Structures are given as C-alpha cells and as structure tokens.
Amino acid sequence: MENEEKRHIGRLFDRIADKYDLLNHLLSLNIDKLWRLRLVKTMHEADHVLDVAIGTGDLAISMCEHKKAHHVIGIALSNEMMRIGKEKAHGLPITFQEASALDMPFENGQFDAVTCSFGCRNFFNLSQGLKEMVRVLRTDGEMLILEFSYPSNPLIRRLYDWYFCHIMPRIGQWMSKDQSAYRYLNRSVKHFIWGESFCDQLRQAGLSQVRFRPLTFGIATLYYGKKTE
C-alpha cells in the first residue's frame, strides 16, 4: 500500500511541483492564503508541531512567521514539493521529511499540535491517516485541518462546480503541462466528505471538542479537535 501510495500521490505532486504554488494562488484568487491564515489564528502557540502533507510549506511557514509554532516537522510523499518548500523556508525552524501519513515514524504523543492543509482527501485510507495523526498528538493537544468542501447555497454551488469541473482543470493542464493531475484534484474534492461527515471521522479517530467552520461560502472548511485522553 505504501509503495502504491508513493507512486500515485508522490509522483503526481512531483510532476506539478514547479507550478503548484503559482496555480494554487491563481486558481483560488489568493484566497487560499486567507484560509491558511485563519487556521494559524485559530491555533494556540505550540512548541512542536507536525504538519501532515506539508507540500511546499505554506502553512508551516505561516505558523512560524506568526509565532504559533516554535518548530515544525512536515511530512509528505513528494520530494519535489518539499525541495521547493525547503528553499522557501530557509532560516525558519521547519524540518521536511519524507513519510506517509498512514504510517508515521514518530512516537505516541510526540507533538503539541498536528495540522494538515488540503491533504486529507489524498490519503489512501482516511480513517487510518486520522488515527495516526491522533496517535502522535499529545493529550490536550489540538488538531487543525483545512480541506476543500462544497458550498451549501445552490447558486454558489452550481457556479463553483462549473468552475471546478471545466475552468480549473483546463488552466491547470495548460500551465502545468500535465494531462491528469488537475483532473485528479478535481475528482478528489468531488468525492470527498465534508462538514459533519468529516467531523464524525475525527471523533472516531479519537478527538473530542470537534467543530468545523465553513470558509468562503463553504468552498473550504476548517476543522478543529482536541485529544483529551
């Protein structure tokens, strides 16, 4: 499973790594920066933070720059994404490490906080990934997750679906020169759970005080939970 995950997810993001940041900000009209900032402002200051699916490091960098994390360890399967992240994070207390979210090389309760931005829908096994995130979180530690979702307003939802299905994949393919990556990203959002369904998964993984906050008409959602035992 781990080798299959590395081949599929790791190589997919390796292929689009050079254009990933540009396309992220362009296709979201830079709103993705505000979503990450919302997560950072929500979290409490923490000494040791694990950032799952760190990618090119945007969330980890924001946590350090806003003094919310004293040290971040970020894991991902794409070495090309992390290579870019290391260049961006130069001088900041951020460590990049290749590892799968489904089988983390960390001790139980090692981290004061665990974060993940737009990575959970890429887990080959969501339940296993969330349980691993809870396992490495200390008691009373907090977990914060950003993930795409779908707007509840019917009109906004139709507009969003049209943009996400027809415009975003074409721009992504044109700029990244990749025929499949942005169609995969589109499908991964459409088939993923959100809202209370995702909160149920967090509770089953062992979190309490679980809540969620839709962002920008529900295009993205911020999830929060604590490990209390």
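Anything mentioned here points back to the structure above.
Keep in mind it's a predicted model, so treat the numbers as computed, not measured.

Asker: Explanation requested: the packing of aromatic side chains in the structure shown.
Answerer: Two descriptors summarise a pair of aromatic rings, namely the distance from one centre to the other and the angle between the planes of the rings. Under the counting rule described, the total for this entry stands at ten aromatic pairs. Ring plane angle 35° and centroid distance 4.6 Å describe the contact between Phe118 and Phe148, whose orientation is recorded as tilted. Taken as a pair, Phe118 in the loop between β4 (111-117) and α5 (126-135) and Phe148 in strand β5 (residues 137-148) lie far apart in primary sequence, 30 residues in all. No difference in accessibility class separates Phe118 from Phe148, as the two residues are buried. An aromatic cluster of at least three residues, connected via ring pairs, comprises Phe192, Phe198, Phe212 and Tyr223. Directly above the aromatic system of Tyr224 lies the positively charged group of Arg211, at a separation of 4.1 Å from the ring centroid.

Asker: What exactly am I supposed to notice about helix α8 (residues 196-205) here?
Answerer: For an α-helix the count is 3.6 residues per turn, leaving residues at separations of three or four pointing the same way. For α8, every residue scored as buried is listed here: Phe198, Cys199, Leu202 and Ala205. The arc enclosing the buried residues of α8, seen along the axis, measures out at 115°, which places them on a common side. Against the buried residues of α8 lie α5, β5, β6 (208-215) and β7 (220-226). Downstream of α8 by one or two residues, Gly206 has phi in the positive range, about 120°.

Asker: How should I be thinking about the pairing of β7 in this particular structure?
Answerer: Remark: a regular strand shows side chains that alternate across the two faces of the sheet. Counting buried positions along β7 yields six of seven residues, so the element is predominantly enclosed. The pairing of β5 with β7 spans seven bridges and is antiparallel. Looking at β7, one finds that Met143 is bridged to Gly225. Relative to β7, β6 is paired through six bridges, and the arrangement is antiparallel. By the bridge assignment, Arg213 is partnered in β7 with Leu222. Hairpin remark: β6 followed by β7, antiparallel, with four residues in the connecting loop; positive phi at Thr216, about 50°.

What counts as what
Numbering of residues starts from 1 in each chain and follows the order in which that chain's sequence is written. The model is predicted, so local features are restricted to residues of pLDDT at least 70 and side-chain atom pairs to those at 80 or more, both for listing and for counting; the totals for chains, interfaces and linings are taken over all residues. Hydrogen atoms and water are omitted, and side-chain values are computed over all heavy atoms in the structure. Aromatic rings from Phe, Tyr and Trp, with only the six-membered ring used for Trp, were paired whenever their centres fell within 6.5 Å, and each pair was classed as stacked if the ring planes differed by under 30 degrees, edge-to-face if by over 60, and tilted otherwise. Working definition: helices are DSSP H or I runs of at least four residues, strands are E runs of at least two. Numbering for both runs from the N terminus. Only protein chains enter the area calculation, which uses a 1.4 Å probe; residues under 20% of their type maximum are buried, those over 50% are exposed, and those in between are partly exposed. Distance and angle both matter: a charge sits over a ring if NZ of Lys or CZ of Arg is within 6 Å of the ring centre and within 35 degrees of the ring normal. An arc is given here, and it is the one of the directions from the helix axis to the C-beta atoms. We call two residues in contact when some of their heavy atoms are within 4.5 Å. Here, a strand pair is defined by DSSP locating no fewer than two bridges between the strands.

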